[in-house]
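# Coordinates in review
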Amino acid sequence: MTNLDIIPLKDWGLNTQRPLVMAGPCSAETEEQVLKIASQLDKTKVNVYRAGIWKPRTRPNSFEGVGSVGLRWLQLVKQEYGLKTATEVANVKHVYEALKAGIDVIWIGARTSANPFAVQEIADSLRGVDIPVFVKNPVNPDLELWIGAIERIHQAGISRVGAIHRGFSSYDKSKYRNTPHWQIAIDLKRKLPQVPLINDPSHITGNADLIEVVSQKAMDLNFDGLMIETHCNPPKAWSDAKQQITPFRLHEILNNLVLRKEYIDGSLMDDTLEELRAKIDYLDNELLEVLLHRMDIVAKIGEWKKQHGISIYQSARFESIMDAARLKSMNIGLKEDFAEIIFKSIHEESISIQTAILNSVLLKNK
Ligand code: PEP
Ligand code: MN
């Protein structure tokens, strides 16, 4: 999919200047809560009021959303505060009810976008409907699956389709609730430049204290907007309490955002940037040459191991290479875990080269 016929975000009718801001609670809880949050939002900064009506929860017996009654509260938000409204849909019934209630924007959640059958059913139910649809990244880090979900919605005739980057599930504990894997979002933007891309720092971080830095990073990476969970009383929220922020804090974050100039057709590229980029290109070239040289030596070692009947993987050797890389990195001021990732990958490639050498010999000997 290259030439997606997508309407530019500024013409979606969401009265937006970059960034598009979608804010509101994780879940609609009561009419009072929904309207209180709406009353506290700065309508000049927030374009769309978000609230989950049907909540996909990891474990049963937790709050699974108020259901259709909440759609009425969103209608009141629209009537009383003039905000556009958005909610998550996970099946055809949700689509039907959201459309009937006049919801302005719908989004497909991360658990749903991971399931092509579910996405296709939603897409089919949207045929002939003119509504903006955002597709969150699937819970698993799979760019093609994300693109596929966007394609399914687009092929149903939706010309206002966008993407929301909300990070990816991982079993590893990290400071984030969902690993951002920024490169996946960047690759999506590269492959589908016409699809607006929104960042959801709430579900990435799972932590109210980290919303600001992740929002700024998204702006620096040229995201088109932000979806931020906002609650009048975060500690008392019925879902995702740790990551929600107050409308007051939201406004602070939005006011602090630095929107750097977009790079357009080289017009903002000055000589210094040209020069720095030339240096980077030169160094990248050197890096590749050095890697090639290293792999030539790896191949020689492979031959030697074959002749002496020694196994390819020597764990002590691997550990000593990693230790040396970590130590050197620390001494010269590179991040240790960065060096670790690079050396693991180099080592993997070395093993694959040596395996090929060993296998070719085995074949010859057959
Ligand atoms: C949400 O936006 O409240 C939500 C459930 O998000 P996700 O699908 O990203 O988990
Ligand atoms: Mn949530």
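Coordinates for the structure precede this section.
Now for a description of the structure that goes with this document. Residue numbers here run from 1 along each chain, matching the order of that chain's written sequence. Lettering for chains starts from A, numbering for ligands starts from 1, and both go in the order in which the items are written. Note on the predicted model: pLDDT of at least 70 is required for a residue's local features to be given, and 80 or more for side-chain atom pairs to be given and counted; whole-chain, interface and lining totals, by contrast, use all residues. Calculated side-chain values reflect all of the structure's heavy atoms, with hydrogen atoms and water omitted.

### What about the coordination of the manganese ion (ligand 2)?
Rules: The donor set comprises N, O and S atoms within 2.8 Å of the metal, extended to 3.2 Å for Na, K and Ca; water molecules are omitted, so apparent gaps in a site may simply reflect that omission. Numbering of helices and strands runs from the N terminus, with a helix taken as a DSSP run of H or I at least four residues long and a strand as a DSSP run of E at least two residues long. When accessible area is computed with a 1.4 Å probe and restricted to protein chains, residues below 20% of their type maximum are described as buried, those above 50% as exposed, and intermediate ones as partly exposed.
Protein coordination of the manganese ion (ligand 2) is provided by Cys26 (SG), His203 (NE2), Glu229 (OE) and Asp240 (OD), with donor distances spanning 2.1 to 2.4 Å. Between consecutive donors of the manganese ion (ligand 2), the numbers of intervening residues give the motif C-x176-H-x25-E-x10-D. Separated by 214 residues along the polypeptide, Cys26 in the loop between β1 (20–24) and α1 (31–40) and Asp240 in the loop between β8 (225–229) and α10 (247–256) bring together distant segments of the chain. Residue class for Asp240 comes out buried when judged on its relative accessible area of 16%.

### With respect to a nonpolar patch on the surface
For clarity, the cut-off: Residues qualify for a patch when their relative accessible area is over 30% and they have no salt bridge, like charges being joined within 9 Å and the nonpolar side chains of Val, Leu, Ile, Met, Phe, Trp and Tyr within 5 Å. Where accessible areas are quoted, they stem from the Shrake-Rupley method and a 1.4 Å probe; at the residue level, only the protein chains shown are allowed to cover. Throughout this description, the term salt bridge denotes a Lys or Arg side-chain nitrogen within 4 Å of a carboxyl oxygen of Asp or Glu.
Together, Ile332, Leu334, Phe338 and Ile342 make up a nonpolar patch on the protein surface, roughly 360 Å² of accessible area in all. For Ile332, the location among the structural elements is in helix α12 (residues 315–332).

### Thoughts on the site of ligand 1
Our working definition: Summary of the distance rule: residues count as near a molecule or strand when at least one heavy atom falls within 4 Å of that molecule or strand. Contacts described as polar in this section are N or O atom pairs within 3.5 Å, which, within protein, must combine one atom able to donate a hydrogen with one able to accept it, while residues neighboring in sequence count only if both atoms come from side chains. Residues are grouped as follows: nonpolar covers Ala, Val, Leu, Ile, Met, Phe, Trp, Tyr, Cys and Pro; charged covers Asp, Glu, Lys and Arg; every other residue, Gly included, is treated as polar.
The environment of ligand 1 is made up of Cys26, Arg50, Lys55, Glu88, Trp107, Gly109, Ala110, Arg111, Lys136, Arg166, His203 and Glu229. A distance of 2.7 Å is found between an oxygen atom of ligand 1 and a side-chain nitrogen or oxygen belonging to Arg50. One of the side-chain N or O atoms of Lys136 is found 2.8 Å from an oxygen atom in ligand 1. Isolated, ligand 1 exposes 300 Å² of accessible area, and the fraction of that covered by the protein chains is 97%. Residue composition of the shell around ligand 1, grouped by class: 3 nonpolar, 2 polar and 7 charged.

### Re helix α2 (residues 69–81)
What counts, and what does not: One less than the number of residues in a helix, times 1.5 Å, gives the span that helix is expected to have. Two residues form a contact once any of their heavy atoms are found within 4.5 Å.
Counted at 1.5 Å a residue, the expected span for α2 with its 13 residues is 18 Å, and the 19 Å between its end C-alpha atoms agrees. Taken residue by residue, α2 has Gly70, Leu71, Trp73, Leu74, Leu76 and Val77 as its buried positions. Elements that come into contact with the buried residues of α2 comprise α1, β2 (48–50), β3 (84–89) and α3 (92–100).

### So, the packing of aromatic side chains
Worth spelling out the cut-off: Pairing of aromatic rings covers Phe, Tyr and Trp, the last counted by its six-membered ring, and requires centre-to-centre distances within 6.5 Å; plane angles under 30 degrees mean stacked, over 60 mean edge-to-face, and any other angle means tilted.
Applying the stated criterion across every chain, the model contains 4 aromatic pairs. Judged by centre distance (5.4 Å) and plane angle (45 degrees), the rings of Trp12 and Phe134 are tilted. Separated by 122 residues along the polypeptide, Trp12 in the segment before β1 and Phe134 in strand β5 (residues 133–136) bring together distant segments of the chain. By relative accessible area, Trp12 is classed as buried at 2%.

### As for the pairing of β8
As a reminder of what qualifies: Any two strands with at least two DSSP bridges between them are considered paired.
Judged by how many residues are buried, β8 sits mostly within the fold: 5 of 5 residues are covered. Here β8 shows a buried face lined by Gly225, Met227 and Glu229 and a second buried face lined by Leu226 and Ile228. Sheet analysis places β1 next to β8, joined by 5 bridges and oriented parallel. Bridging across to β8, Leu20 finds its partner in Gly225.

### Points about α1
When we look at burial in α1, the residues that qualify are Gln33, Val34, Leu35, Ile37 and Ala38. Close packing links the buried residues of α1 with β1, β2, α2 and α10.

### Thoughts on the environment of Lys43
Structurally, the position occupied by Lys43 is in the loop between α1 and β2. Overall, the relative accessible area of 31% leaves Lys43 in the partly exposed class. Residues Lys43 and Met322, 279 residues apart in the sequence, show an inter-C-alpha distance of 53 Å. At 2.9 Å, the side chain of Lys43 and the backbone oxygen of Ala38 are in polar contact. Reaching out from Lys43, the side chain makes a polar contact with the backbone oxygen of Ser39 at a distance of 3.4 Å.

### A word on the sheet that holds β8
Rules: Note on geometry: axes are lines fitted to C-alpha atoms, helical ones only across the stretch in contact, with angles between N-to-C directions running from 0 to 180 degrees.
Pairing within the closed barrel is parallel, and its 8 strands lie in the order β1-β2-β3-β4-β5-β6-β7-β8. Averaged over neighbouring strand pairs, the angle between their axes works out to 30 degrees when direction is ignored. In this sheet, β3 lies alongside β2 in parallel orientation, the contact comprising 3 bridges. From the neighbouring strand, Tyr49 faces β3, where its bridge partner is Thr85. α2 rests against β2 and β3 of the sheet, and its axis sits at about 160 degrees to β3.

### Topic: the nonpolar core
We count it as follows: Each nonpolar core is a collection of buried residues, namely Ala, Val, Leu, Ile, Met, Phe, Trp, Tyr and Cys, held together in the definition by side-chain atoms within 4.5 Å.
In terms of nonpolar packing, the biggest core is built from 82 residues, with Tyr49, Leu126, Phe134, Trp146, Ile150, Ile153 and Leu188 touching the most fellow members. Tallying contributions element by element places helix α6 (residues 143–155) first for this core, with 6 residues. The next biggest cluster of nonpolar side chains, apart from the first, holds 5 residues, and it includes Met295, Ile346, Ile353 and Ile357.

### What to know about the pattern of salt bridges
When the charged atoms of two side chains with opposite charge come close together, those side chains can pair. Under the definition given, this model contains 18 salt bridges. Taking the shortest distance from any N to any O, the salt bridge between Glu340 and Lys344 comes out at 4.0 Å. Taken together, the residues span about one helical turn, with Glu340 and Lys344 both in helix α13 (residues 336–365) at a distance of 4 residues. Sharing partners across several salt bridges, the network here consists of Asp323, Arg326, Glu340 and Lys344.

### Structural notes on the pairing of β3
Rule in force here: Classification remark: right-handed applies to a crossover when, strands pointing away from the viewer, the course from the first strand over the helix to the second runs clockwise.
Buried residues dominate β3, accounting for 5 of its 6 residues. Read from β2 through α2 to β3, the crossover connection turns out right-handed. Here β3 runs beside strand β4 (residues 105–108); their pairing, made up of 4 bridges, is parallel. Along β4, the bridge assignment pairs Val89 with Ile108.

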